[in-house]
Amino acid sequence: MFEKSTWITLPRNVLLGHGVLADLGAALDDLYLTGRPLVVTSPTPNELAGDRVRAQLTDPETAVVDDASFSAVEEVVDVAEAVDPGYLVALGGGKPIDTAKMAAHRLGVGFVSVPTAASHDGIVSGRSSIPEGDTRHSVAADPPLAVVADTELLADAPWELTTAGCADIISNYTAVKDWRLARRLRNVEYSEYAGALSEMTAELLVASADSIKPGLEESSWLVAKALVSSGVAMSIAGSSRPASGAEHLISHQLDRIAPDKALHGHQVGVGSILTEYLHSGEDGEWRSIRDALASIDAPTTAAGLGIDDGELIRALTTAHEIRDRYTILAGGITEAAAIEVATATDVI
Ligand SMILES: NC(=O)C1=CN([C@@H]2O[C@H](COP(=O)(O)OP(=O)(O)OC[C@H]3O[C@@H](n4cnc5c(N)ncnc54)[C@H](O)[C@@H]3O)[C@@H](O)[C@H]2O)C=CC1
Ligand SMILES: O=C(CO)COP(=O)(O)O
Ligand SMILES: [Zn+2]
């Protein structure tokens, strides 16, 4: 008897392009949302775009969070208790969007995603990436009801935020390799559609690398489209597997060992060079990944990330401990092996 089934939740409206922030109100009307809006943001995005967002909302309240954490989610829930919001508006980079995503899930309301940086592919995904102690949760939530990604706003953000978004997409190559490996060795559920979409997204982005240059709004357009596509792959999969493998485990560990030194996207990019080498050795695709990163100005070395070689090696040897996700790192690699891979790829 055939018993397979799937439930895919996707945003209803995706507004992407020049000046679409002005259409936020129309996008909300189209969703028939009721009740007060609660804007969840972090300090810089609030300063940059908070007023333009609030001007299109009826009687908005704002919660400013500094981080993506369970306590930040509680802060939002506390504000929500007084406001009783009908929906949330997530404004900013990956951290406030992840916080709002999880808070919306807790509160049982929808949210709308308004990214101020093309720095990560959580803009559309239905997961929140939240650290807790020695571990890092990929928490199931709902994807946004709508996404309003204004390329004018994204292009005004510091260039390194856009290159971080590119690197988060380039890391899909190794994430999908890890996912396939986990299917072969651990019988992990794998989606051909989500895997293919994730890989294709990375390929299309790399093929456009020549057009991804600072000061060009078209760069934000190309990167934001890829971020949406990668987020859809995660929604199809019902997990972050299409976009998060061992390179992400290394990055999550770096967040603990060397906090706030580099952007998420840049860390996963460097992680991807290392894990591609582990997958396929000297003759594999690690040079292509490194060159793709370099071509869009993303770091390719520990020094480029602003972290010490020792910190990088510690992250590489302990990354497998952070989450129960089978990857090329399996039960861990030795310090000697870590030094060899990092040296062979010129990461240290
Ligand atoms: N849930 C998911 O599927 C995913 C979640 N993530 C998570 O997202 C986070 C990384 O995202 P980021 O955006 O790098 O973090 P972030 O939200 O901390 O933003 C990075 C920095 O950029 C600043 N910023 C944002 N927009 C700006 C603008 N227009 N102008 C000037 N500065 C601006 C912020 O104030 C912050 O200092 C990590 O926590 C990561 O785990 C990343 C990918 C996928
Ligand atoms: O960053 C992600 C995809 O780019 C997802 O993060 P997790 O590794 O926490 O699932
Ligand atoms: Zn990521």
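Here is what the cut-offs are and how they apply
Residues numbered from 1 in each chain as written. Chains lettered and ligands numbered in written order. Predicted model: local features only at pLDDT ≥ 70, side-chain atom pairs only at ≥ 80, totals over all residues. Heavy atoms only, no water. Donors = N, O, S within 2.8 Å, 3.2 Å for Na, K, Ca; no water. Helix = DSSP H or I, 4+ residues; strand = E, 2+ residues; numbered from the N terminus. Buried < 20%, exposed > 50% of the residue type's maximum accessible area, 1.4 Å probe, protein only. UniProt positions renumbered as here; feature names shortened; annotations may be inferred. Contact = heavy atoms within 4.5 Å. Core = buried A, V, L, I, M, F, W, Y, C linked by side-chain atoms within 4.5 Å. Lys, Arg positive; Asp, Glu negative; His and termini not counted. Salt bridge = Lys/Arg side-chain N within 4 Å of Asp/Glu carboxyl O. Near = heavy atom within 4 Å. Polar contact = N/O pair within 3.5 Å; in protein donor to acceptor, adjacent residues only side chain to side chain. Areas by Shrake-Rupley, 256 points an atom, 1.4 Å probe, with all protein chains shown as cover. Nonpolar A, V, L, I, M, F, W, Y, C, P; charged D, E, K, R; others polar. Pairing = 2+ DSSP bridges. Axes fitted to C-alpha atoms, helices over the stretch in contact; angles between N-to-C directions. pLDDT = per-residue confidence, 0-100.

Visitor: I would appreciate a short explanation of the coordination of the zinc ion (ligand 3) in the present structure.
Guide: Tetrahedral coordination by four donors puts the ideal angle at the metal at 109.5 degrees, and octahedral coordination by six puts it at 90 or 180 degrees. On the protein side, the zinc ion (ligand 3) has Asp 168 (OD), His 248 (NE2) and His 264 (NE2) as donor atoms, found 2.1 to 2.2 Å from it. Going along the chain, you hit the donors of the zinc ion (ligand 3) in the pattern D-x79-H-x15-H. Residue Asp 168 is found in helix α6 (residues 159–170), and its partner His 248 is found in helix α10 (residues 246–257); the two are separated by 80 residues along the sequence. Accessibility assignment for this pair places Asp 168 and His 248 in one class, buried.

Visitor: Just to check I follow, could you spell out the UniProt feature "binding site: substrate" (unreviewed entry) in the protein chain for this structure?
Guide: Under the present numbering, the feature "binding site: substrate" (unreviewed entry) in UniProt falls on Asp 121, Asp 168 and His 252. Within the element layout of this structure, Asp 121 appears in the loop between β5 (110–115) and β6 (127–132). Apart from the residues lying within four places of it in its own chain, the contact partners of Asp 121 are Asp 168, Ile 169, Asn 172, Leu 227, Ser 230, Gly 231, Met 234 and Ala 243. Residue class for His 252 comes out buried when judged on its relative accessible area of 3%.

Visitor: Could you clarify how one ought to interpret the nonpolar core in this entry?
Guide: Soluble globular proteins: nonpolar side chains tend toward being buried together. In this structure, Leu 205, Ile 212, Leu 312 and Leu 316 are the most contacted members of the largest nonpolar core, which totals 53 residues. Sort the elements by how many residues they give to this core and helix α9 (residues 217–237) lands first, with 6 residues. Those residues in contact with Leu 205 that lie beyond four places of it in its chain are Cys 166, Ile 169, Ile 170, Ile 212, Leu 222, Val 223 and Ala 226. Counting 20 residues, the second-largest nonpolar core is a separate cluster that includes Val 73, Val 76, Val 77 and Ala 100.

Visitor: Whenever I open this one, the UniProt feature "binding site: NAD(+)" (unreviewed entry) in the protein chain confuses me. Can you help?
Guide: According to UniProt, the positions carrying the feature "binding site: NAD(+)" (unreviewed entry) are Gly 94, Lys 95, Pro 96, Ile 97, Asp 98, Thr 116, Ala 117, Ala 118, Ser 119 and Ser 125. Note on placement: Gly 94 falls in helix α4 (residues 94–107). Following the sequence through the fold, Lys 95 ends up in helix α4. Setting aside chain neighbours within four positions, we find Lys 95 in contact with Asp 67, Ala 68 and Asp 260.

Visitor: Got a minute to help me understand the side chain of Asp 168 in this structure?
Guide: The side chain of Asp 168 sits in the buried core without any salt bridge; Arg 136 is the nearest counter-charge, 9.8 Å away. Apart from residues lying up to four places away in sequence, Asp 168 is in contact with His 120, Asp 121, His 248, His 264, Gly 265 and Val 268.

Visitor: Hey, could you run me through the side chain of Thr 300 in this one?
Guide: With respect to the secondary-structure elements, Thr 300 resides in the loop between α12 (286–295) and α13 (302–305). Judged by its relative accessible area of 17%, Thr 300 falls in the buried class.

Visitor: Help me out: how do you make sense of the site of ligand 2 in this one?
Guide: Taken together, the residues surrounding ligand 2 are Asp 121, Ser 129, Ser 138, Asp 168, Met 234, Ser 240, Ala 243, Ser 244, His 248, His 252, His 264 and Arg 323. In this structure, an oxygen atom belonging to ligand 2 sits 2.6 Å away from a side-chain N or O atom of Asp 121. Between ligand 2 and the protein, one listed contact pairs an oxygen atom with a side-chain N or O atom of His 264 at 3.1 Å. Look at ligand 2: alone it shows 310 Å² of surface, and the protein chains cover 93% of it. Among the residues forming the shell around ligand 2, the class breakdown is 2 nonpolar, 7 polar and 3 charged.

Visitor: How do you make sense of unusual backbone geometry when you look at a structure like this?
Guide: In most cases, non-glycine residues show a negative phi, while peptide bonds are predominantly trans. One non-glycine residue with positive phi stands out, namely Tyr 32, at about 55 degrees. Checked against the element boundaries, Tyr 32 lands in the loop between α1 (24–30) and β2 (36–41). Judged by its relative accessible area of 66%, Tyr 32 falls in the exposed class. Positive phi, close to 50 degrees, is recorded for Asp 84, a residue that is not glycine. Along the chain, Asp 84 turns up in the loop between α3 (70–83) and β4 (85–92).

Visitor: Got a minute to help me understand the sheet that holds β4 in this structure?
Guide: Two pairing modes exist for strands in a sheet, parallel and antiparallel, and in both the strands are linked by backbone hydrogen bonds. Pairing within the open sheet is parallel, and its 6 strands lie in the order β1-β8-β5-β4-β2-β3. In the strand order of this sheet, the two ends are held by β1 (13–17) and β3 (61–64), each with one partner. Between one strand axis and the next, the sheet turns through 15 degrees on average, direction left out of account. Packing of helix α2 (residues 43–54) onto the sheet brings it into contact with β2, β3, β4 and β5, and relative to β4 it is tilted by some 130 degrees.

Visitor: Sorry if this is basic, but what is going on with the confidence of the model for the protein chain here?
Guide: Do not read the predicted coordinates in detail wherever pLDDT is low. When pLDDT is averaged across the protein chain, the result is 97; 100% of the residues are at 70 or more. Here the complex is predicted with pTM 0.98, and the ipTM for its interfaces comes to 0.98.

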